[in-house]
Amino acid sequence: AQSVSQHNHHVILSEAASLELGCNYSYGGTVNLFWYVQYPGQHLQLLLKYFSGDPLVKGIKGFEAEFIKSKFSFNLRKPSVQWSDTAEYFCAVKGRGSTLGRLYFGRGTQLTVWP
Amino acid sequence: GAVVSQHPSWVICKSGTSVKIECRSLDFQATTMFWYRQFPKQSLMLMATSNEGSKATYEQGVEKDKFLINHASLTLSTLTVTSAHPEDSSFYICSARALLDPNTGELFFGEGSRLTVL
């Protein structure tokens, strides 16, 4: 069975601080990996995704994530956070080859950025 | 990005009644839609996968007779919570995939529907 672990439940940072949110997954095959963001009162939005190729992927709003296959990790990073980055961040995994294309989520990390 | 709309966004019902939640893809056709449930401070739990014109595929532990899913058209899927009880109170979120290829199709999410059962 697929599972996704996000180690940080709540992260509090000051503006301009650097961010790294951990994500590990377990799955026996090739995966697609995603980071979604949910701003207060809004629906989930895709930040970035990894399907294949360069393991360092860049997303919107200055976010990036690195896929490290040997560690089953897909950590999210941003060099300098802003107050507007306050949101909940979800890591998700989808096994390639699954005919249903189901997406499984981690429990989320609440990021609070103080101005 | 593509738009997925859920209705109602908020519903309160009495215990024992049934509630229907709609999920519509507004500007694309969705061959597959997914229904998730989110508890406070917890992750999105996949409930079922809905394919247009066929029966939904439920995740382990999800009662198919409790959570009826219908995907009658390429733009509409419905989730009906039958004989609702207070423990069914939750935030229900749908998502839809625009492309046929499950390996590349991006998922778009609805705003969610908050159900409160009294």
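Use the structure listed above.
Residues numbered from 1 in each chain as written. Chains lettered and ligands numbered in written order. Predicted model: local features only at pLDDT ≥ 70, side-chain atom pairs only at ≥ 80, totals over all residues. Heavy atoms only, no water.

Draft legend 1. Quick look at the interface of chain A and chain B. The interface of chain A with chain B comprises 23 residues on the first partner and 23 residues on the second. Overall, the association of chain A and chain B removes approximately 1,800 Å² of surface from exposure, summing both partners, and the carbon and sulfur fraction of that is 53%. Taken together, chain A and chain B are joined by 0 salt bridges. Our count for the contact surface shared by chain A and chain B stands at 4 residue pairs in polar contact (both at pLDDT 80 or more). Mapped onto the side of chain A that touches chain B, the elements with two or more residues apiece are β5 (31-38), β6 (45-50), β10 (87-95) and β11 (104-105) of chain A. (Contact = heavy atoms within 4.5 Å. Buried area = accessible area lost by both parts, 1.4 Å probe. Salt bridge = Lys/Arg side-chain N within 4 Å of Asp/Glu carboxyl O. Polar contact = N/O pair within 3.5 Å; in protein donor to acceptor, adjacent residues only side chain to side chain. Helix = DSSP H or I, 4+ residues; strand = E, 2+ residues; numbered from the N terminus.)

Draft legend 2. Spotlight on the sheet that holds strand β8 (residues 76-81) of chain B. Residues and elements named next belong to chain B. Judged by pairing direction, the sheet is antiparallel, and its 4 strands sit side by side in the order β1-β3-β8-β7 without closing on themselves. In this open sheet, the two edge strands, each paired with only one partner strand, are β1 (4-7) and β7 (67-73). On average, adjacent strands in this sheet sit at an angle of 15° to one another, irrespective of strand direction. When β7 meets β8, the two strands line up antiparallel, connected through 5 bridges. (Pairing = 2+ DSSP bridges. Axes fitted to C-alpha atoms, helices over the stretch in contact; angles between N-to-C directions.)

Draft legend 3. Expanded view of the nonpolar core. Core analysis: the biggest nonpolar cluster contains 46 residues, and A:W35, A:Y36, A:Y89, A:F105, B:Y36 and B:F109 have the highest contact counts within it. In contact with A:Y89, other than residues within four places in its own chain, are A:Q6, A:L21, A:W35, A:Y36, A:V37, A:L47, A:F63, A:L76, A:G108, A:T109 and A:L111. In terms of nonpolar packing, the next biggest core, distinct from the first, is built from 26 residues, B:V4, B:M33, B:Y58 and B:A96 among them. (Core = buried A, V, L, I, M, F, W, Y, C linked by side-chain atoms within 4.5 Å. Buried < 20%, exposed > 50% of the residue type's maximum accessible area, 1.4 Å probe, protein only.)

Draft legend 4. Spotlight on the environment of A:N8. All names here are of chain A. You can see N8 is positioned in the loop between β1 (3-5) and β2 (10-14). Setting aside anything within four residues of it in sequence, one finds N8 in contact with E20, L21, G22, G108 and T109. Within the local environment of N8, its side chain forms a polar contact with the backbone nitrogen of G22, the two atoms lying 3.4 Å apart.

Draft legend 5. Broad picture of the side chain of B:S43. With respect to the helices and strands, the residue B:S43 is situated in the loop between β4 (32-38) and β5 (44-51). A polar atom in the side chain of B:S43 sits 3.2 Å from the backbone oxygen of A:F105. Looking at B:S43, its side chain comes within polar contact range of the main-chain oxygen of A:G106, at 2.3 Å. Those residues in contact with B:S43, other than ones at most four positions away along the chain, are A:F90, A:F105, A:G106, A:R107, B:R37 and B:Q38.

Draft legend 6. Expanded view of the state of the cysteines. The full count for this structure, using the stated rule, is 2 disulfides over all chains. There is a disulfide in this structure between A:C23 and A:C91, and the S-S distance comes to 1.9 Å. Here A:C23 and A:C91 share a disulfide; its torsion about the S-S bond, -65°, makes the bridge left-handed. Taken as a pair, A:C23 in the loop between β3 (19-21) and β4 (24-26) and A:C91 in strand β10 lie far apart in primary sequence, 68 residues in all. A:C23 gets classed as buried once you look at its relative accessible area, which sits at 0%. Disulfide pairing is shown between B:C23 and B:C94; the S-S distance is 1.9 Å. Across the disulfide from B:C23 to B:C94, rotation about the S-S bond amounts to roughly 75°, and the bridge is consequently right-handed. Note that B:C23 is positioned in strand β3 (residues 19-25) and B:C94 in strand β9 (residues 90-97), a separation of 71 residues in sequence. (Disulfide = S-S within 2.5 Å.)

Function-wise, these values are silent; they only describe arrangement.
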